[in-house]
Amino acid sequence: MAKTSNIAIVSSPGYTHLVPIIEFSKRLINHHPNFHVTCIVPSFGPPPESSKAYLKTLPSNIHSILLPPINKDQLPQDVHPVFLIQLTTTLSLPSIHEVLESLCSKAPLTALVVDVFAFKALEFAKEFNALSYFYFPSSAMALSLLAHAPKLDEEVSGEFKDLSEPINFPGCVPIMGVDLPDPAQNRSSEIYEHFLERAKAIVTADGILINTFLEMEPGAVRALEEFGNGKFKLYPVGPITQKGSGNEVDESDECLRWLEKQPSNSVLYVSFGSGGTLSQHQINELAWGLELSGQRFLWVLRAPNSSASAAYLEAAKEDPLEFLPRGFLERTKEKGLVVASWAPQVQVLGHSSVGGFLSHCGWNSTLESVQEGVPLITWPLFAEQRMNAVMLSDGLKVALRPTFNDDGIVEKEEIAKVINSLMDAEIGQGIRERMRTLRDSAADALKDGSSTHTLSQLANHWESFNGI
Ligand code: UDP
């Protein structure tokens, strides 16, 4: 019988960091069944229903361990969500260590893979004689920023957002400082300090697994491989999403039933990820913009909040539909459907009635749209989403980017204009064609192309480390 290689994976809290790392584990054991994965999941509070339901669907050779929630009394007040995610994993270090100790008392550990926000757990790899890896759940462009951040920090004085020229990360589309992720927007802040700490930590691992694929970001991937030469090895294993992961589809779902009745490619899907929120003013403008466009839409609506990432770790309790402009639902009932807080996004994007996606450009949403060949309207809110938006619109040219006014609002006329351009058969044609080409290369990468080859290389390396 083949010897089993044991892999431990540490995710960070939040559904959208949990899913890709577990989907990676599923892909690993599907292709290489002699691996056993233990996924250690830090918790901010009681885990959300979506995470609990998801963890119940795992195959027998992936074992998940939900760690006890952290003691919130130890948290500072008014913390940025990014910092909260990192703090949760840091406060969970003793429990992570305990689980690893117990695992290693039964069988040797081949590799420890940690989400980038759980980077402090990587130090345990040495103690347990395991290889060490980061799982980077975003783009090669975002990783380029992290890789070059220490040098950028030395060379640039003042805030990046005040730079008059774009920054050129090797192999990436040029980006203005104002489009860098939140932690890089205020260099005297604590989240910037932690961002630099993560940047310095990534080069200490044996390798970095990244959820992108060579054909989507060839320049950035090759430049990172060169950069890593001798320091770390890069493994682009994506796109890893829930598409085709065998999770059941609920055919009775309201969104899917409604989509069945719409013409092919006619619906704009509107969603801001697992926790993105808009202000009341912006909800009104978006509603009026959708109405003005006259296009069909499926909108996943969340209650307003002045902080765009407010619902990321803890969902709001109010009924979001109450925050729509008066009479909106009645006036648009022939054209649109608004659902509260959640839709089965992977199935929605895969439905033939969907022809466009107005998205906050979270990396999972981006990859899901790419896998289904659905062109995008980019509406970044927080984290590295502005960077993803720049790559999609200026770099890959598979998206349109609306203009925000000086108050940070996209006005209804602009919304209607950009929606009509994307959905228009002629204007949107080039964008649609490029997105279809990207979809095909994503499918090839996962079938027997670059990402499958990379995964095999990694698995062989792990097996040989284990003496199989
Ligand atoms: N998602 C979903 N239904 C929703 C909203 C989000 O299934 O109504 C899923 C989506 O398919 C994606 C994830 O949640 O896998 C969102 O991840 P992303 O990285 O795009 O954004 P984040 O939530 O991290 O901001």
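Residues numbered from 1 in each chain as written. Predicted model: local features only at pLDDT ≥ 70, side-chain atom pairs only at ≥ 80, totals over all residues.

The name recorded for the chain in an unreviewed UniProt entry is Glycosyltransferase, from Phaseolus vulgaris. Its UniProt record gives the chain the following Sequence similarities (unreviewed entry) comment, quoted word for word: "Belongs to the UDP-glycosyltransferase family." (UniProt positions renumbered as here; feature names shortened; annotations may be inferred.)

## Considering the overall build of the chain
When its secondary structure is counted, the chain shows 17 helices and 13 strands. A principal-axis box enclosing the C-alpha atoms of the chain has dimensions of 65 × 55 × 45 Å. Partitioning the contacts of the chain with sequence separation of at least 6, the portion at a separation of at least 24 is 74%. (Helix = DSSP H or I, 4+ residues; strand = E, 2+ residues; numbered from the N terminus. Contact = placed C-beta atoms within 7 Å.)

## Some words on the sheet that holds strand 4 (residues 111-115)
The seven strands are arranged 3-2-1-4-5-6-7 in an open sheet whose pairing can be described as parallel. The outermost strands of the open sheet, each flanked by one partner alone, are strand 3 (62-66) and strand 7 (233-236). Taking the axes of each pair of neighbouring strands and ignoring which way they run, one obtains an average angle of 20° across the sheet. The pairing of strand 6 (residues 207-210) with strand 7 spans four bridges and is classified as parallel. Among the inter-strand pairings, G207 is bridged to a residue of strand 7, identified as K233. With respect to the sheet, helix 17 (residues 450-465) is in contact with strand 1 (5-10), strand 4, strand 5 (131-136) and strand 7, its orientation differing from that of strand 7 by roughly 130°. (Pairing = 2+ DSSP bridges. Axes fitted to C-alpha atoms, helices over the stretch in contact; angles between N-to-C directions.)

## Describing the site of the ligand
Neighbouring the ligand are 17 residues, the closest being T16, G273, S274, G362 and S365. Secondary structure elements with two or more residues in the shell around the ligand: helix 1 (15-31), helix 12 (345-349) and helix 13 (363-372). Of all the elements, helix 13 adds the most residues to the shell around the ligand, at four residues. Of the residues contributing to the shell around the ligand, the split by class is six nonpolar, ten polar and one charged. (Near = placed C-beta within 6 Å. Nonpolar A, V, L, I, M, F, W, Y, C, P; charged D, E, K, R; others polar.)

## Observations concerning the pairing of strand 11 (residues 354-359)
Summarising burial for strand 11: six of the six residues are buried, a large majority. In this sheet, strand 11 lies alongside strand 8 (residues 267-271) in parallel orientation, the contact comprising five bridges. Directly across from V270, in strand 11, lies its bridge partner L358. Of the strand pairs in this sheet, strand 11 and strand 12 (residues 376-378) are connected by three bridges, and their pairing is parallel. Paired with F357 across the bridge in strand 12 is L376. Crossover handedness for the path strand 11 to helix 13 to strand 12: right-handed. (Buried ≥ 20, exposed ≤ 12 C-beta atoms within 10 Å, placed from the backbone. Right-handed = clockwise from strand over helix to strand, strands pointing away.)

## So, the domain arrangement of the chain
Considered domain by domain, the chain is made up of domain 1 (5-244 + 446-464) and domain 2 (254-442). On the side of domain 2, 27 residues touch domain 1, which itself brings 32 residues to the contact. Going through the elements one at a time, helix 1, helix 3 (81-91) and helix 6 (140-155) are the ones with two or more residues in the side of domain 1 that touches domain 2. Looking at which element gives the most residues to the side of domain 1 that touches domain 2, the answer is helix 1, with four residues. For the side of domain 1 that touches domain 2, a count of residues per class yields 19 nonpolar, nine polar and four charged. (Domains from an automatic or database assignment.)

## What to know about the packing of helix 3 against helix 7 (residues 190-202)
Closest axis-to-axis distance for the helix 3/helix 7 pair is 10 Å, and the angle between their directions is 50°. Taken as axis vectors, helix 3 and helix 7 run oblique relative to one another. The handedness of the crossing between helix 3 and helix 7 comes out as left-handed. Residue-level contacts link V82, F83 and Q86 of helix 3 to E190, I191 and H194 of helix 7. Here the contact of helix 3 with helix 7 is built from residues that sort into three nonpolar, two polar and one charged. (Parallel < 35°, antiparallel > 145°, perpendicular 65-115°, else oblique. Left-handed = near helix turned anticlockwise from the far one by under 90°.)

## Quick notes on the pairing of strand 8
Most of strand 8 sits inside the fold, with five of its five residues counted as buried. Of the two faces of strand 8, the one holding V267, Y269 and S271 and the one holding L268 and V270 are both buried throughout. Handedness of the crossover joining strand 8 and strand 9 (residues 296-301) through helix 10 (residues 280-293) is recorded here as right-handed.

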